[in-house]
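# Chains, contacts and geometry: an overview
Listed below, chain by chain, are the residues.
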Amino acid sequence: MTTKVDIVAVGSEGGHWEQLMLLSEALAGMNVLFVTTKRALLDQAKITNGRVVCDCNRDRPLDTAKCLWQCARLIFSVRPKMIVTTGAAPGLLCLAMGRLIGAKTVWVESFANAERLSLSGKIARHFASTRLTQWQHLARSGGPLYEGELL
Amino acid sequence: MIVVTVGTQLPFDRLIRMMDELAPALGDEVFAQTGAGQYVPRNIRASAAMAPAEFEAMFRQASVIVAHAGIGTVLKAYKYRKPIVLVPRKAEFGEHRNDHQLATVSKLGERRGIYIAENKDELVRLLDGPLMPPVAEEAASAGRRRLLSFLHRQAREAVRGADH
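What counts and what doesn't
Residues numbered from 1 in each chain as written. Chains lettered and ligands numbered in written order. Predicted model: local features only at pLDDT ≥ 70, side-chain atom pairs only at ≥ 80, totals over all residues. Helix = DSSP H or I, 4+ residues; strand = E, 2+ residues; numbered from the N terminus. Expected span 1.5 Å × (residues − 1). Bend = angle between axes of the 7 residues up to and from the residue. Buried ≥ 20, exposed ≤ 12 C-beta atoms within 10 Å, placed from the backbone. Contact = placed C-beta atoms within 7 Å. Pairing = 2+ DSSP bridges. Core = buried A, V, L, I, M, F, W, Y, C linked by C-beta atoms within 7 Å. Domains from an automatic or database assignment. Axes fitted to C-alpha atoms, helices over the stretch in contact; angles between N-to-C directions. Left-handed = near helix turned anticlockwise from the far one by under 90°. Nonpolar A, V, L, I, M, F, W, Y, C, P; charged D, E, K, R; others polar.

Residue and element names in this part refer to chain B. The end-to-end C-alpha distance of helix 1 (residues 13–26), which contains 14 residues, comes to 19 Å, matching closely the 20 Å that a straight helix rising 1.5 Å per residue would cover. Its maximal kink placed at Asp-20, helix 1 deviates by approximately 25°, while the proline Pro-24 follows within four residues. Taken residue by residue, helix 1 has Arg-14, Leu-15, Ile-16, Met-19, Asp-20 and Ala-23 as its buried positions. Considering only its buried residues, helix 1 is in contact with strand 1 (2–5), strand 2 (30–33), strand 4 (64–68) and strand 5 (84–87). Note on helix 1: the residue one or two positions beyond its end, Gly-27, has a positive phi of about 70°.

Residue and element names in this part refer to chain A. The sheet built from seven strands is open, its strands ordered 3-2-1-4-5-6-7 with parallel pairing. If you trace the sheet from one side to the other, it starts and ends with strand 3 (50–52) and strand 7 (145–146), each paired once. With four bridges joining them, strand 1 (residues 7–10) and strand 4 (residues 82–85) adopt parallel strand pairing. If you follow Ala-9 over to strand 4, its bridge partner there is Val-84.

The biggest cluster of nonpolar side chains holds 82 residues, and the ones touching the most others in it are Ala-9 and Cys-94 of chain A together with Val-4 and Leu-86 of chain B. If you tally residues by element for this core, the top one is helix 4 (residues 89–100) of chain A, at seven residues. Looking at which domains feed residues into this core, each of domain 1 (2–133) and domain 2 (136–164) of chain B gives three or more. If near-sequence neighbours (up to four positions away) are discounted, Ala-9 of chain A is found in contact with Leu-20, Ser-24, Leu-27, Val-32, Phe-34, Val-35 and Val-84 of chain A.

You'll often see interface size given as the accessible area lost when the parts meet. Along its sequence, chain B is organised into domain 1 (2–133) and domain 2 (136–164). Spacing between the C-alpha centres of domain 1 of chain B and domain 2 of chain B amounts to 32 Å.

Residue and element names in this part refer to chain B. Between helix 1 and helix 5 (residues 120–128), the shortest axis-to-axis distance is 11 Å and the interhelical angle comes to 35°. Regarding helix 1 and helix 5, the two cross each other, and that crossing is right-handed. Counting all contacts with helix 1, which are made through Met-18, Leu-22 and Leu-26, the residues of helix 5 involved are Lys-120, Leu-123, Val-124 and Leu-127. Residues belonging to the contact of helix 1 with helix 5 are distributed by class as follows: six nonpolar, no polar and one charged.

Written as structure tokens, this is what we have:
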């Protein structure tokens, strides 16, 4: 029997995933499904409740279509109450799907974007119920909010 | 041992080449994780991609890390308290879509244990001298606690809200 997943947490390979792993401390004890772009990352973090989706970006339309399909199937079947992502494109696609099912959607912009938001972070404005930046000087009254940083 | 990493997603042959050329004069073993690059180093041990666990083990053995300005790598440097020299990728050399790594290093370079090199001369100078390990600062850990508790509240509200 599988437990009902309440939260889907998405982070692509690299810094996005590393930041998601740090944030996951805030979700301890909750029913979380982790989504990333590389199987080995789930194994290494000893995550049993995880899924892998195709990595993609705006220069790779075919991968993006495949990823969108995977994210849509995942989000529509799991129907989480909240989706949180540190990016990049696959996380954005999951947020967009989350919006369609009425889930709370949280975008955490990568710490790497110290001078301006990433393109995904800008687009996330349309899909995120809460959008965070890790740099105080990038916070705006209409969002993104600044609520601390990981490093 | 000096461990060089450029991440797994984009090539960064300029950095691998610089380290390969510098290696014979460094007097320390150099290992490089070369990622998606084409350049084949001659003077240093290298591997294109490694299993995450294998790479962590390498990281633990390092005395110094030389890396692209990737946040995952910086987080690891903090975790294992390894001095880290960041070489930002530049869009003009096709090393990234944009120059966000320059912006990141300009902010990170003020911190203890994080060093910035934009070229070979700066790399040599840093690798010749004593380097301090990074230490998570009080202010930074307060920022992390704040972010974690914000996210925790969001998650609890989402989970509970839907139950009632």
